[in-house]
Amino acid sequence: MKSKWTATPYFIWMAIFIIVPLGMVVYYAFSDDGKFSLQAFLDITIYAPVFFKSLWLALIATVISLVISYPLAYMMSRANAVTQKTMVMLIMLPMWMNFLLRIYALVTLLQENGLVEKFFSLFGIEVSIINTSTAVVIGMVYNFIPYMLMPIYTVMTKIDNNLIEAAADLGSNTFNVFKKVVIPLSLPGVVSGITMVFVPAASTFLVAQYLDGSNKLIGDFIEKEFLRDYSTGSALSLVLMVVMFIFIGLTNRFGNDDMEGMVI
Amino acid sequence: MKKKLCILLCLLLSLPWCLTSCKKYESEINVYNWGEYISDGSEDTYDVIREFELKYNIKVNYTEYDSNEYMYNVLKNNTGSAYDILVPSEYMVAKLIEEDMVQKINFENIPNYKYIDEKYKNLPFDPNNEYSIPYFAGTLGIVYNKTMVDEEVDSWEILWDEKYKEKIFMIDNSRDAFAVALTVLGYDPNNCTKEQIDEAMELLKKQRPLVYTYGMDQVFNCMEQDQCALGVYYAGDAVTMMENNENLDFVVPKEGSNMFVDSIVIPKNAENKEGAEKFINFLLDPEVSAANAEYVCYTSCNEASYELIDEEIIEDDIIYPDEEVYERCFYFSNMEKELYDYLQKAWIKVQI
């Protein structure tokens, strides 16, 4: 029982910086000049298309991150210790830079006559990436991919090599080893990776503002609404939070069916 | 031995901190200003705040904002320490006066007010000049790239020309963006109806496919790196862009444009009015004002400082335009709250 006390600092932190602000968001969402009102929720119906677009782009970014991260994580987890350390450091390296700076760098890379366009034009391919949804998805993947890679990698390093060898000894081909041993054992990492990419990607702001400035996403509009009027901004973020909550619930359930109690 | 050395080093390192922070100031003032809006001592410029602190022994707590609306929200919901000085733009000054959020300034404590250029006194947003003191002014106009635009730029209508598809930078500020659209339609941006706002909204929606991005400080990257041909932005910043890209030029369209006047005010709940007035008077000193004018590159409202400002800046037609440009321009006045909300919502609808 005593060990409960060790969490006290965090509970105090959570109460002040998470619970109280959340309470304020709920208060503002349901009030208008101090009176109870649902006006803010009626006002935000115009955001429906932006809302779905944000979720859709975040989903694409999550899938791309997963497709890139999974094989890489597997490769890393089977490599020798020195390679593993170097790779982890290389992946974490961009995170040492400020988020905004990374976005600026991406703008310079993707913009007209930028490096990416010049590179493709060497092969006679004309691409124009800036100010498209592609640019936004690239920005999301670029920024959030470490959050996908790290949990999967961590889980995979814990998979005992003997299990893989045993499966192979008993006659499984490579495909079946992967399907029957590696994937089920790494699922908890995949689930936390998906949550950790999808949630920030769907609510991200600045990425779209800089990479597709005439088609901003919901995060940018929440910021805009907060500058204008707390009620509408709060209502908007409350709805987004509920959607996220349902999403996390669903993915966690999916993970729990196969692996009990190992998720986040 | 090593330990002693370490302690000694620590003490030495904390010495400068002690020298600055242990100094006792008589009082403090809280200043809330636009970003990059005061000469801050960087690159050998005059450090206004430091000089003021030394001269009057008053500590200045300086914070910055980047939009009038944001500043207003902070002021409205502020529960912490009060601000003593704000620098809102003209329409926000009018709004603050109307909502009784600012107080009358005691001009006897500000003898340097006499240096303010007559043309910035008694403007419609504060007709008797009781609450506000003009700090910097400037126009909204079109920055354009001479290599990408062949024709003469003299009208807002060029912003709807299909030729410049995805080559137009549009300012992301509801009042300014609608001022452009309303002016094109021939309406008065200060005195418009909801129907006129709707019409302007449709016009802005029509422009959206041509717009490269809606933004504020992204304009520097867009224009300096030849990403956009045309950009709607402020004169002072246009000059900064032109320093970095010689192909750029700036024009105030013939239909007229907004002239903004960012003015110093003292909020009602200020805790150190006396200190605030000392600070305002210090800002209006011709030499301090000239230093700020050289740093900020907007139009200084301080006539006495004109002689002291670097020639290159004072003779720049964009920062200090001819009388004729002034005649074309209008000042924003406060809009009715309902109409203003309507306009802000319309601006969001344009971008959704």
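What you see is a predicted model; the values in this text were computed from it and never measured.

Basis of the calculations
Along each chain, the written sequence defines residue order, and numbers are assigned to residues from 1. Here the convention is simple: chains get letters from A, ligands get numbers from 1, in the order in which they are written. Totals for whole chains, interfaces and linings use every residue, but because this is a predicted model, local features are given only for residues with pLDDT of at least 70 and side-chain atom pairs only at 80 or more, for both listing and counting. Here the side-chain values reflect all heavy atoms present in the structure, with hydrogen atoms and water set aside. Helix and strand definitions here come from DSSP, where helices need a minimum of 4 consecutive H or I residues and strands a minimum of 2 consecutive E residues; each element is numbered from the N-terminal end. The buried label goes to any residue with under 20% of its type's maximum accessible area, the exposed label to any with over 50%, and the partly exposed label to all in between, with areas taken from a 1.4 Å probe on protein chains only. We call two residues in contact when some of their heavy atoms are within 4.5 Å. A positive count includes Lys and Arg, and a negative count includes Asp and Glu. His and the chain ends are not counted in either. By convention, the charge on Lys lies at NZ, on Arg at CZ, on Asp at CG and on Glu at CD. Residues enter a patch when their relative accessible area is above 30% and they make no salt bridge; the linking distance is 9 Å between like charges and 5 Å between nonpolar side chains (Val, Leu, Ile, Met, Phe, Trp, Tyr). In short, Shrake-Rupley with a 1.4 Å probe defines the accessible areas, and a residue's cover is counted only from the protein chains shown. We define a salt bridge as a side-chain nitrogen of Lys or Arg found within 4 Å of a carboxyl oxygen belonging to Asp or Glu. Two strands form a pair only when DSSP identifies at least two bridges running between them. Here the bounds of each domain stem from an automatic or database domain assignment. The term buried area denotes the loss of accessible surface (1.4 Å probe radius) that occurs when two parts are joined, taken as the sum for both partners. Any pair of nitrogen or oxygen atoms within 3.5 Å is treated as a polar contact; in protein, a donor-acceptor pairing is required on top of that, and neighbouring residues in sequence qualify only through side-chain atoms on both sides. Here is the rule: rings of Phe, Tyr and Trp (six-membered ring for Trp) pair when centre to centre is within 6.5 Å. Planes less than 30 degrees apart are stacked, more than 60 are edge-to-face, and the remainder are tilted. Helix axes use the C-alpha atoms of the stretch in contact, all axes being lines fitted to C-alpha atoms, and the angles between their N-to-C directions lie in the range 0 to 180 degrees. Each angle receives one of four descriptions, namely roughly parallel if under 35 degrees, roughly antiparallel if over 145, roughly perpendicular if within 65 to 115, and oblique otherwise. Residue classes follow a fixed rule: Ala, Val, Leu, Ile, Met, Phe, Trp, Tyr, Cys and Pro count as nonpolar, while Asp, Glu, Lys and Arg count as charged, and any other residue, Gly among them, counts as polar.

S.K.: Account for the overall build of chain A, with residues named and values stated.
M.R.: For chain A, the helix and strand inventory stands at 12 helices and 2 strands. Within chain A, the proportion of its 264 residues that are buried is 41%. Within chain A, residue pairs in contact and separated by at least 24 positions form 71% of the contacts whose partners lie at least 6 positions apart. Each charge sign in chain A was given a centre, from 15 positive and 17 negative side chains, and these centres are 7 Å apart.

S.K.: Describe a negative patch on the surface, with residues and values.
M.R.: Where like charges cluster on the molecular surface, the negative patch consists of E243, E294, D310, E311, E312 and E315 of chain B. Here E311 of chain B shows up in helix α11 (residues 311-314).

S.K.: I'd like to hear about the pairing of strand β5 (residues 132-145) of chain B, residue by residue, with values.
M.R.: All names here are of chain B. Within β5, 14 of the 14 residues are buried, which leaves it mostly tucked inside the rest of the structure. As paired elements, β5 and strand β10 (residues 259-267) share 7 bridges and run antiparallel to each other. Within β10, the position partnered with P134 by the bridge is S263. Where β5 meets strand β11 (residues 299-300), 2 bridges bridge the pair, whose relative direction is antiparallel. Pairing of A137 across the sheet is with T299, part of β11. Here β5 runs beside strand β9 (residues 248-251); their pairing, made up of 4 bridges, is antiparallel.

S.K.: Describe the domain arrangement of chain B, listing the residues and the values that go with them.
M.R.: A common way to express how large an interface is: the accessible area buried when the components associate. Residues and elements named next belong to chain B. Taken domain by domain, chain B comprises domain 1 (26-137 + 261-323) and domain 2 (138-258 + 330-351). Spacing between the C-alpha centres of domain 1 and domain 2 amounts to 26 Å. Residue-level contacts link 19 residues of domain 1 with 17 residues of domain 2. Surface buried jointly by domain 1 and domain 2 totals about 1600 Å² across both partners, of which 62% is contributed by carbon and sulfur atoms. The largest contributions to the domain 1 side of the interface with domain 2 come from Y91, Y298 and I318, which together make up 38% of the buried area. In this assembly, domain 1 and domain 2 are joined by 0 salt bridges. On the surface where domain 1 and domain 2 come into contact, there are 3 residue pairs in polar contact (both at pLDDT 80 or more). Ranked by residues supplied to the side of domain 1 that touches domain 2, first place goes to helix α4 (residues 90-98) with 5 residues.

S.K.: Got a sec to walk through the interface of chain B and chain A? Specific residues and values, please.
M.R.: Each side of the interface is counted separately: chain B has 24 residues, and chain A has 26 residues. Between chain B and chain A, roughly 2200 Å² of surface is buried when both sides are summed, and carbon and sulfur atoms account for 46% of that area. Ranking the residues of chain B by area buried against chain A places Y212, I348 and I352 of chain B at the top, with a combined share of 25%. Scanning the region where chain B abuts chain A turns up 4 salt bridges. Between K167 of chain B and E112 of chain A there is a salt bridge whose closest N-O contact spans 2.7 Å. On the surface where chain B and chain A come into contact, there are 13 residue pairs in polar contact (both at pLDDT 80 or more). Of all the secondary structure elements, the ones that give two or more residues to the side of chain B that touches chain A are α3 (68-77), β7 (211-215) and α13 (337-351) of chain B. Tallying contributions element by element places α13 of chain B first for the side of chain B that touches chain A, with 7 residues.

S.K.: Tell me what's going on with the packing of aromatic side chains, and back it up with residues and numbers.
M.R.: All names here are of chain B. Per the counting criterion, the structure on display carries 39 aromatic pairs over all chains. Ring plane angle 80° and centroid distance 4.9 Å describe the contact between F52 and F279, whose orientation is recorded as edge-to-face. Of this pair, F52 sits in helix α2 (residues 48-56) while F279 sits in helix α9 (residues 273-283), and the two are 227 residues apart along the sequence. For F279, a relative accessible area of 1% translates into the label buried. Note on Y214 and W347: the rings are 5.4 Å apart at their centroids and 90° apart in plane angle, and the pair reads as edge-to-face. Taken together, the residues span a long stretch of sequence, with Y214 in strand β7 and W347 in helix α13 at a distance of 133 residues. Here the two residues Y214 and W347 agree in accessibility, since each one is buried. Following the ring pairs from residue to residue traces out a cluster consisting of Y37, Y135, F136, F169, F220, Y233, Y234, F260 and Y298.

S.K.: Describe in detail the side chain of S67 of chain B, supporting the description with residues and values.
M.R.: By the secondary structure assignment, S67 of chain B is in the loop between β2 (58-65) and α3. Among the polar contacts made by the side chain of S67 of chain B, one reaches the main-chain amide nitrogen of Y70 of chain B at a distance of 3.0 Å.

S.K.: How would you summarise the side chain of R102 of chain A if you had to cite specific residues and measurements?
M.R.: Its location among the elements puts R102 of chain A in helix α5 (residues 99-110). Of the side chains with opposite charge, D220 of chain A lies nearest to the buried R102 of chain A, which makes no salt bridge, at 15 Å.

S.K.: Kindly report on helix α5 (residues 174-184) of chain B, identifying the contributing residues and their values.
M.R.: Residues and elements named next belong to chain B. Summarising burial for α5: 10 of the 11 residues are buried, a large majority. Residues S174, R175, D176, A177, F178, A179, V180, A181, L182 and T183 constitute the buried set of α5. Those residues of α5 that are buried lie in contact with α4, β5, β6 (168-171), α6 (194-207), β8 (230-234) and α13. Capping the start of α5, N173 holds a side-chain oxygen 3.1 Å from the backbone nitrogen of R175, two or three residues further along. Remark: G186 follows α5 within two positions and exhibits a positive phi of approximately 85°.

S.K.: Before we move on, can you summarise the pattern of salt bridges with the specific residues and values?
M.R.: Oppositely charged side chains may form a pair once their charged atoms are brought near each other. Residue and element names in this part refer to chain B. Tallying each qualifying case throughout the model produces 18 salt bridges over all chains. Residues K95 and E99 are paired through a salt bridge, measuring 3.6 Å at the closest nitrogen-oxygen approach. According to the relative accessible area criterion, K95 is buried, its value standing at 7%. According to the relative accessible area criterion, E99 is partly exposed, its value standing at 25%.

S.K.: Talk me through the packing of helix α11 (residues 218-228) of chain A against α13 of chain B; I want residue IDs and the actual numbers.
M.R.: Running from N to C, α11 of chain A and α13 of chain B cross one another at 175°; their axes reach a closest spacing of 12 Å. Classed by the angle they form, the pair α11 of chain A and α13 of chain B counts as roughly antiparallel. Side by side, α11 of chain A and α13 of chain B meet where F221, K224, E225 and R228 of chain A of the first sit next to D341, Q344, K345, W347, I348 and Q351 of chain B of the second. Here the residues of the contact of α11 of chain A with α13 of chain B sort into 3 nonpolar, 2 polar and 5 charged.

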